[in-house]
Amino acid sequence: NLVLPFEKLPFVNLSQPWWDKDIWNGFSIRNNLMMVNGDISPVSFSITSCMYFNKTMFNRLDLEYPYELVREGKWTLDKLFELTKDVTHDEDGDGKVTNDSTKDVYGLSSWYLDVPYSFYYAAGGMLVSKDQDDVPFFDPQVERDTAIYQKIYDALITNNANFETEEAYELNVIKIFTDGRAMFYNASLGSAEFLREMDDEFGILPEPMFDENQKEYKSFVNGASSMICVPATVKAENLEYVSIIIEALASEAYEVITPVLTETYLKRKLTRDYESMDMIDYIVRHRVFDMAYVNLWEGAGSYVRDLLRQKSTNVASKLKSVTTQSKRKIENIVKAFDKSLNS
């Protein structure tokens, strides 16, 4: 009872492009939304997942930049696996590849609080579905998730990527890329600020799809994001005014603020790389939200991360172990939501 459903705001049109189109999937219950997101909250764009690639390394290996792969719908986890397959190698001569080396080279540099989620949701993974009444239910799809996880496992574990599994080592993941020792770096758009002093040229890409049959690229919103809510204390006679102001701010941000942010990401380093301009549109216009991640952080929402840290491939067993508890939590959320709507 602290906020109003957006269905009570007559002039907020959530079908417009300045609102996240997938927000319903992650937050609505019984076709009611209590919070929304989009261009009106530009800081949230900075935590949208993406891939960076080292253009200098691509040039040295005589490889085409992946931009055209993206446009043709061919930028997939299999393609990432192919590009990084033989890249990781011992460069300092000690006979092993270690993340504390200052010379060893990786196909991919990544962190356990980013890449498991980024790759899973980009490949079409989702743990919560909705029924015909827009009521969520826990819906793990073991066959699909096993296939997704195997591709993620191959890209990270089989290809010996730098996969940091401790929170304290996030900056080391970035440093490996900025030192020019990784072909790819999985992070978020906001991470561009750490790349300003990088000597090598780099480009930005959306996260890879599961395969070429996937209809569109998907970007995960990782971590904390501001959301737009309307206090329940707003009087009925003021709802039209409030909704007009919200819609005006959102549409104006779409027209004015977001283009400037896009330029900013590019101008930090990519002043000669306008091919990355439309890549950012792929990234920010296809953001996805999973109710399991939002509400079930430990267990279901983090199962890919947990399996990768253990170098395990037992997806079916892991999902089974979290199903009973997850179903109960989702049911409790629906009950609380219904109580709020009916009070």
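Residues numbered from 1 in each chain as written. Predicted model: local features only at pLDDT ≥ 70, side-chain atom pairs only at ≥ 80, totals over all residues. Heavy atoms only, no water.

### A look at the sheet that holds strand β5 (residues 162-164)
On the basis of which strands lie adjacent, the open sheet formed by five strands has the order β5-β2-β6-β1-β7 and mixed pairing. Of all strands in the sheet, those bounded by a partner on one side alone are β5 and β7 (202-205). Across this sheet, the average inter-strand angle for adjacent strands is 20 degrees, counted without regard to direction. Alignment of strand β1 (residues 49-54) against β7, held across four bridges, turns out to be antiparallel. Along β7, the bridge assignment pairs Phe-53 with Gly-203. Packing against the sheet, helix α10 (residues 276-284) makes contact with β1 and β7, and its axis sits at approximately 35 degrees to β7. (Pairing = 2+ DSSP bridges. Helix = DSSP H or I, 4+ residues; strand = E, 2+ residues; numbered from the N terminus. Axes fitted to C-alpha atoms, helices over the stretch in contact; angles between N-to-C directions. Contact = heavy atoms within 4.5 Å.)

### Quick word on a nonpolar patch on the surface
Residues Phe-11, Tyr-241, Ile-244, Ile-245 and Leu-249 make up a contiguous nonpolar surface patch of roughly 510 Å² in combined accessible area. Positionally, Ile-245 belongs in helix α9 (residues 239-267). (Patch = residues over 30% accessible without salt bridge, like charges linked within 9 Å, V, L, I, M, F, W, Y side chains within 5 Å. Areas by Shrake-Rupley, 256 points an atom, 1.4 Å probe, with all protein chains shown as cover. Salt bridge = Lys/Arg side-chain N within 4 Å of Asp/Glu carboxyl O.)

### A closer look at the pattern of salt bridges
Taken as a whole, this structure holds 16 salt bridges when the rule is applied. Between Asp-20 and Arg-287 there is a salt bridge, with its nearest N and O atoms 2.8 Å apart. Of the two residues, Asp-20 sits in the segment before α1 (23-27) while Arg-287 sits in strand β9 (residues 287-288), which places them 267 residues apart along the sequence. Classification of Asp-20 as buried rests on a relative accessible area of 6%. (Buried < 20%, exposed > 50% of the residue type's maximum accessible area, 1.4 Å probe, protein only.)

### A word on α10
Of all the positions in α10, only Ser-276, Met-279, Ile-280, Ile-283 and Val-284 are classed as buried. End-on, the buried residues of α10 take up no more than an arc of 125 degrees, which puts them together on one face. (Arc of directions from axis to C-beta.)

### Points about the nonpolar core
One finds Tyr-52, Phe-119, Ile-152, Leu-156, Phe-184, Leu-205 and Leu-308 to be the most contacted residues of the largest nonpolar core, which totals 81 residues. Broken down by element, this core gets its largest block of residues, seven residues, from helix α7 (residues 142-158). Setting aside its immediate chain neighbours within four residues, Leu-205 contacts Cys-50, Met-51, Phe-53, Pro-66, Tyr-67, Val-70, Trp-75, Phe-184, Met-279 and Ile-283. (Core = buried A, V, L, I, M, F, W, Y, C linked by side-chain atoms within 4.5 Å.)

### Observations regarding the environment of Arg-309
Along the chain, the position of Arg-309 falls in helix α12 (residues 303-310). The spatial distance from the C-alpha of Arg-309 to the C-alpha of Asp-281 is 32 Å, given a sequence separation of 28 residues. In this structure, Arg-309 is in contact with Tyr-112, Phe-163, Thr-165 and Glu-166, ignoring residues within four places of it in sequence. A polar contact is formed between the side chain of Arg-309 and the backbone oxygen of Thr-165, at a distance of 2.9 Å. (Polar contact = N/O pair within 3.5 Å; in protein donor to acceptor, adjacent residues only side chain to side chain.)

### Things to note about unusual backbone geometry
Its identity is not glycine, yet Asn-31 carries a phi of approximately 60 degrees, on the positive side. Tracing the sequence through the fold places Asn-31 in the loop between α1 and α2 (42-45). Although it is not a glycine, Asp-62 sits at a positive phi angle of roughly 60 degrees. Within the secondary structure layout, Asp-62 lies in the loop between α3 (55-60) and α4 (67-71).

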